[in-house]
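The residues making up each chain are set out below.
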Amino acid sequence: MKNLRKLFWITVVLFLTAWFVSSASSIPPEEEDDILVGRISYVTGKLLRFVPEENDWVVTVKDSPFGLNDALYSEQGGKAEFIMPNSTMVRISGETQIQLMSLRPQVTEADIAYGMARFYDKSSQGIIKATTPFGFVFAPSGAVFDLYVGDESLEVIALKGTVDLVLDSDQSRYEVDAGQGSIIVDRNNVVSGEGEPDIEWDDWNHERDSLWAKRAKAKGNSLRYIPPGLEDEAYDLEENGRWEKIYYEGAYRDFWRPIYIGSGWRPYTVGRWSVYYGDNCWIPDEPFGYITHHYGSWVYINDLWYWMPPAMSIGVNAGSATGVGLNWYPGRVGWIFSGTEVGWFPLRWFEPYYCHHHWGRQSTLINKTNITKISINIDRYAYVKHAVSLHSDRIYGYNNYKKYIKRLDQRTIEKFKAAPVVDNRIISNFDKNPNRFRQTNIISDFKPQRKAINKIEHIRAVSMQSRANSANAIRQDVQRLQQKTTQAQEAHTPMQHPRPVDRPVYSNDAEKPFSGLRFDKSEIKMRERPAKEQPEVIIQTQKTVPITPISQVPIEQIRKPLERDKAVPPTHSQDIKTAVPEYSGTRGGSDRQLNKTHQELPKRSQVQPSESVHRSRDHWQQIPEQKIQQPAKPEGSGGTITVNQTQPPKHQMQQQWQRPQQEIPSDRPQAPERRMHHRMQK
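In this text the structure is predicted, and so the values were computed from the model without any measurement. (Residues numbered from 1 in each chain as written. Predicted model: local features only at pLDDT ≥ 70, side-chain atom pairs only at ≥ 80, totals over all residues. Heavy atoms only, no water.)

Draft legend 1. Representation of the nonpolar core within the structure. Judged by nonpolar contacts, the single largest core of 74 residues is most densely connected at Trp273, Trp344 and Trp359. Setting aside its immediate chain neighbours within four residues, Trp359 contacts Ile35, Val37, Tyr276, Tyr277, Asp279, Asn327, Trp328, Tyr329, Pro330 and Tyr353. (Core = buried A, V, L, I, M, F, W, Y, C linked by side-chain atoms within 4.5 Å. Buried < 20%, exposed > 50% of the residue type's maximum accessible area, 1.4 Å probe, protein only. Contact = heavy atoms within 4.5 Å.)

Draft legend 2. Focus on the pattern of salt bridges. Applying the stated criterion across every chain yields a total of 24 salt bridges. As a salt-bridge pair, Glu81 and Arg208 come within 2.8 Å of each other at their nearest N and O atoms. Residue Glu81 is found in strand E6 (residues 79–83), and its partner Arg208 is found in helix H2 (residues 199–217); the two are separated by 127 residues along the sequence. Residue Arg208 is classed as buried on the basis of its relative accessible area of 8%. (Salt bridge = Lys/Arg side-chain N within 4 Å of Asp/Glu carboxyl O. Helix = DSSP H or I, 4+ residues; strand = E, 2+ residues; numbered from the N terminus.)

Draft legend 3. Main features of the pairing of strand E16 (residues 182–186). Counting buried residues along E16, five of its five residues qualify, which places the element largely inside the surrounding structure. Judged by which residues are buried, E16 turns out to be covered on both faces: Ser182, Ile184 and Asp186 on one side and Ile183 and Val185 on the other are all buried. With five bridges joining them, strand E13 (residues 153–160) and E16 adopt antiparallel strand pairing. Within E16, the position partnered with Val156 by the bridge is Ile183. As judged from the four bridges shared by E16 and strand E17 (residues 190–193), these two strands associate in the antiparallel manner. Residue Ile184 lies in a different strand from E17, and its bridge partner there is Val191. As consecutive antiparallel partners, E16 and E17 are separated by three residues. (Pairing = 2+ DSSP bridges.)

Draft legend 4. Region of interest: the environment of Val43. Within the secondary structure, Val43 sits in strand E1 (residues 38–44). For Val43, a relative accessible area of 23% gives the class partly exposed. With 39 residues separating them in the primary sequence, Val43 and Phe82 have C-alpha atoms 9.3 Å apart.

Draft legend 5. Summary view of the side chain of Thr440. Tracing the backbone shows Thr440 in the loop between strand E29 (417–419) and strand E30 (446–447). The exposure class of Thr440 is buried, given its relative accessible area of 13%. There is a polar contact of 3.3 Å between the side chain of Thr440 and the backbone nitrogen of Ile442. Once you skip the residues sitting within four places of it in the chain, Thr440 turns out to touch Val59, Val61 and Arg272. (Polar contact = N/O pair within 3.5 Å; in protein donor to acceptor, adjacent residues only side chain to side chain.)

Draft legend 6. Examining the pairing of strand E20 (residues 271–276) more closely. Counting buried positions along E20 yields six of six residues, so the element is predominantly enclosed. Both E20 and strand E21 (residues 279–284) contribute to a ladder of six bridges, which runs antiparallel. Paired with Arg272 across the two strands is Ile283, which belongs to E21. Where E20 hands over to E21, the hairpin turn is made up of two residues, of which Tyr277 adopts a positive phi near 55°.

Structural data, given as C-alpha cells:
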C-alpha cells in the first residue's frame, strides 16, 4: 500500500514538473546561431549608408541589406521602408537616422537618433525595442507606434495596442495606449499630447499598408514552400515565376523557376557587387532577386535554373543532410581568377561558402591565418562551367553582367584558379578601391554632420552589451519598472514639440563644428490630421447661410424666380466675382473633373463684387425683384452662394451684358436652377 501511495505521488510530481517546464518554454528559444538581416524594401529620395571602413556615407538602394549595426540616413523629403525576417517592419521619413542594434528571431532593436519613424510588430511572440536619446520604447507583438525624435523632446504615439516608454533619466515607465493620446518628453517634463500623427506621414503609411494588404492576397502557393519569416517575399515569387515539381537527388521536389528572363540567363548576372562587412554582397536589379540570391541556393536541371528554397530537406532517408537553412548570405558564389580576369558562379547547396564575416552554419570563416592554408580543387565545383568572367576593373560599378556570360570548356577552366574570397591576391589594390562599397552610381551632395558618426560609434558599443538579452529578459526588465502617469500639458508647463537639429550639410561642411552652422529648426511633425470638415466656400461676406439642396426646395417656391431668370439676364460681369470652392485632400476622379469644370468657367466670373451677402435658396421668395447670380455647382454640394443686392436699371443690364461665345463642355455639371427651368419648360 505504501509503495502504491509513493508511486502515486511520484507520478504527480513528474506531471507537475513537466507542466511547468512546458509552460515556461511556451515561447520558443532563440537560436543565437541564426544570422538575420533585414531588407530595404522601399526607397524614395536618397538613402545614405554609413561605411565604417571608409568612415563616410554612400547612397544605398532598394533591395540592399539592413543588418546588424547598419546606420542609415534619409535625406530631406525622402522615405524608406525596412522589412525584417522576424515579422517586424520599420519605416522612416526624411531627415531621419536609424541604426539596427539587434536582430534575432524574437527581438528587433533599433535606435532612432532623430527624425520620424513608425514600427510594426507583426510577430506572434516577438518584441521591438526602439531606443532614443531620451529613453526607449518597448512594444509587444501586434503593436504599431510612431516616434518623433528631436534634439530637445520626444513624442510617442501608439497607433495599435499598448507600448511602454522607459526614460533614461529615472528609469520610470509610462504606458501609451492607442487612441488615448501621446506622451511628450523633454529633459524636465513628461506630459500628455493630442496623439495625432503627421498627416502627410500618416497618409503615406496607409498607402504602404494598403499595398502590402493587396500583396498578401496574391501570395499564392509560395507560402507553402518558403519559411514563415519570409512570407513578405512570396508576392515577388508569385509575380515573376512558378513552382514546378522536379526530380532532384532521388526524389521529386518543389523548385521555383523565373519565367520573365531572357535566353541564357544565369543567377548573379542582373545586379551589382558591393562589399558588405568584408564580403561581396549581391545587390539585385530584378524584382525576385533579393530572396532568391540571399536565401536558399540555385540548381541547374535540364538546361534550366531553379531556385531551391531555404531549410529544405534534400536527403531521402531520415537523418540525412539538409539544404541551406534560413540564414542570410551576401551571395553564395564561388570565385575564380586568372591574371586580371575574375569570375564567379553559383554554389550548390552542399558546397562550402567562404567569407570574412560569419553568416550562418554553412559558412566557413576566413582570416589572415587560415587563408594561406585553404586549397580548393576547382574541378569539384559543379557549376564552374557557368561562370561569369571579366576584367577585375569591371566588377564594381556595373549593374548588369549579361554580356560577360560564358560557357567555359575544360581547357579554359584549367587556366583559372579557385579563391575562397576576393582580396588583394585576386584584384590589385582591392582594399584601396572606394567603388567597392557603392551600391549605386548616384552620389549625394549632402551628408550628416560629424557628430552623427560619433553617435553611430556610441550606439555600436551599447549594442554589444544589449545583444545578449533575450526577448523574455527584456520583457521582464520592463515589467519590473515602476509605472507612472503623465500630467496634462498646461500653460505653465512649456513643452517644445520635437525639432531636428542634426540636419544634413554639404559634403565640404560635414567636418565643420556644429556651432558654425545654421539650420531651420522647424517641427518634425509639420501638420497634424484635423477633424474632417465639409468643403466650404470662403469669400468676403457679411453673413454665411448654408445652401439648401435644390432637390429639397418645393417647385412652387422656385417657379417665379426661374421665370424671371429667363426674362432678365444676369447682372453685369464687371460687378460680380464668383467664388469657386476648393476641393482638396481627396483622390476621387469626380473632384478632379469638378476642378477642371471650374477652371473652364467664363471669364465674367473673375471680377470683384461691389457689395455682396450670403443667401440661401429659402430666401429666394423674399426678394422677388432681385436677380440671383450663383456659380455652377453639383447638386447637393455644400458651401454658400453670393447674391448682388445692387441692381442697375434693366436697360443698362441688357446693354452691358453679352453672353460669352463659348461652347460649354458636355461634361460640365449644370447649375441646379438651369436644370429645373428646363424641366418646367417641358
